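# Chains, contacts and geometry: an overview
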Amino acid sequence: MTGKQSLLFDKDVYVRCTATVVGKKEADGPLGEMFDVAVEDDMFGKKSWEEAESHIQEMAVDKLLIKSGMAVSDIDYIYAGDLLGQLIATSFGLMKYEVPMFGLYGACSTMGEALSLGAMCVNAGYAQNVIAIASSHFASAEKQFRYPLEYGNQRPIASTWTVTGAGAYIVGDKPLDKKKCVLIKGITTGKIVDYGVKDSMNMGACMAPAAADLIEANFKDLDVDKDYYDAIFTGDLGEIGNRILSELLKEKGIDIADKLYDCGMLIYEGETKCSGGSGCGCSAVVLGSCIMDRLIRGEYKRVLFVTTGALLSTVSYNEGKSVPGIAHGVILEGKES
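Here's a quick rundown of the structure.

## What about the nonpolar core?
One finds Met111, Leu115, Ile184, Ile291, Phe305 and Leu332 to be the most contacted residues of the largest nonpolar core, which totals 47 residues. Counting 28 residues, the second-largest nonpolar core is a separate cluster that includes Leu245, Leu249, Ile256 and Leu312.

## Some words on the packing of helix α2 (residues 49-68) against helix α5 (residues 138-145)
Their axes nearest at 8 Å, the elements α2 and α5 cross at an angle of 135°. As far as their axial angle goes, α5 and α2 are oblique. For the element pair α2 and α5, the recorded crossing hand is left-handed. Note on element contacts: α5 touches α2 through Ala139, Ser140 and Lys143, opposite Trp49, Glu50 and Glu53. Here the contact of α2 with α5 is built from residues that sort into 2 nonpolar, 1 polar and 3 charged.

## Here we look at the pattern of salt bridges
The full count for this structure, using the stated rule, is 12 salt bridges. Here Lys96 ties to Asp62 by a salt bridge, and the two come within 3.6 Å at their closest N and O atoms. Of this pair, Lys96 sits in the loop between α3 (88-94) and β5 (101-104) while Asp62 sits in helix α2; the two residues are 34 residues apart in sequence, bridging distant segments of the chain. One continuous salt-bridge network, built from bridges that share partners, spans Glu58, Asp62 and Lys96.

## Some thoughts on the pairing of strand β13 (residues 302-310)
Along β13, 9 of the 9 residues are buried, which leaves the element largely enclosed by surrounding structure. In β13, alternate side chains face the same way, and those of Arg302, Leu304, Val306, Thr308 and Ala310 on one face and Val303, Phe305, Thr307 and Gly309 on the other are all buried. Judged from the 4 bridges that link them, strand β10 (residues 231-234) and β13 form a sheet pairing that is parallel. When the sheet's bridge partners are listed, Ala231 is paired in β13 with Val303. For β13 and strand β14 (residues 325-333), the ladder comprises 9 bridges, and the chain directions are antiparallel.

## Things to note about helix α6 (residues 203-222)
Here α6 is 20 residues long and its end C-alpha atoms lie 29 Å apart, about the 28 Å a rise of 1.5 Å per residue gives. Within α6, 19 of the 20 residues are buried, which leaves it mostly tucked inside the rest of the structure.

## Some words on the packing of aromatic side chains
Under the defined criterion, the tally for this structure stands at 7 aromatic pairs. When the ring of Phe138 is compared with that of Trp161, the centres are 4.1 Å apart and the planes differ by 5°; the resulting orientation is stacked. Taken together, the residues Phe138 in helix α5 and Trp161 in strand β7 (residues 161-162) connect sequence positions 23 residues apart. Ring geometry for Phe233 and Tyr300: centres 5.9 Å apart, planes at 65°, overall edge-to-face. Linking Phe233 in strand β10 with Tyr300 in the loop between α9 (280-297) and β13, this pair joins segments that are 67 residues apart in sequence. A network of ring pairs unites the aromatic residues Tyr77, Tyr79 and Phe102 as a single cluster. The ring of Trp161 has Lys25 lying over it, and the distance from NZ or CZ to the ring centre is 4.6 Å. Above the face of the Tyr268 ring, Lys25 is positioned so that its terminal group lies 5.7 Å from the ring centre.

## What to know about the side chain of Ser140
Inspection of the secondary structure puts Ser140 in helix α5. Within the structure, Ser140 has its side chain in polar contact with the side chain of Glu53 (distance 2.8 Å). Here His137 takes part through its backbone oxygen, which lies 3.2 Å from a polar atom of the side chain of Ser140.

Reading the values: rules and limits
- Residues numbered from 1 in each chain as written.
- Predicted model: local features only at pLDDT ≥ 70, side-chain atom pairs only at ≥ 80, totals over all residues.
- Heavy atoms only, no water.
- Core = buried A, V, L, I, M, F, W, Y, C linked by side-chain atoms within 4.5 Å.
- Buried < 20%, exposed > 50% of the residue type's maximum accessible area, 1.4 Å probe, protein only.
- Axes fitted to C-alpha atoms, helices over the stretch in contact; angles between N-to-C directions.
- Helix = DSSP H or I, 4+ residues; strand = E, 2+ residues; numbered from the N terminus.
- Parallel < 35°, antiparallel > 145°, perpendicular 65-115°, else oblique.
- Left-handed = near helix turned anticlockwise from the far one by under 90°.
- Contact = heavy atoms within 4.5 Å.
- Nonpolar A, V, L, I, M, F, W, Y, C, P; charged D, E, K, R; others polar.
- Salt bridge = Lys/Arg side-chain N within 4 Å of Asp/Glu carboxyl O.
- Pairing = 2+ DSSP bridges.
- Expected span 1.5 Å × (residues − 1).
- Phe/Tyr/Trp six-rings, centres within 6.5 Å; stacked < 30°, edge-to-face > 60°.
- Lys NZ or Arg CZ within 6 Å of the ring centre and 35° of its normal.
- Polar contact = N/O pair within 3.5 Å; in protein donor to acceptor, adjacent residues only side chain to side chain.

This is the structure in structure tokens:
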């Protein structure tokens, strides 16, 4: 334990392999060529949006096993989650593998939560290989949290666009390829932070305070400054949330605007008339594409990956509750560190 919220692992924990699956809009974006699988049909050949999201998770795990050359029997646990009620995308999508599973809900921070818990399990010696996976789907999320697509409602500029995609990772105690290894050196676990924001169409404003709290905690726990990291990636704050985060950090005496990037801004980069991308799948697929690539190539030596989540439901929102946020940080190091 390092400080109040962070862990630095005493054994090497590796991201052994990654797999990303996305829909058409994501494939058409600036990161399109970096994803493993892109599907033109956002229904993924299924009868409902929910079945489509389940299939995304299944495709991601299948691709992960193919890329790694591993069998299902090599996996000790799965840490997985999505945005849907009772985690139905996860439970129906991963049922066939018959691997012991922890179902997780951290809203859009679920990818960071899954990687954190998986790395803790491996470091403690309870498993040799675990899968961490998270997904989201634009249409299933809109149907549950906002309006069915048939309603055709207008979206405010502060809104984000839920990414259709899933990112899957094998976390283990040995590298699969020493030339392409990325280490999970430690984690910082976030606290629930609530600034009283009630606008469910402005998720960036809801989550930015939690991201600022997490980054401050990480710096204090590790006794480091911004020069410790080559880059800090937030999950899905979007343009508006990213600006708010920079301002909140400056108030805390942390000026990292030049090292701060957001997965939601990177995946679409101005191609949608909204603040950026969001959803569990947003940070999950951006990490598995451009962030991991830069770590493997040595462009980055050390990165803080900060996934962000807005903790609301249709019930809490309709009852007039605010939207609390949470963030989880994962410290990633490339082979040159």
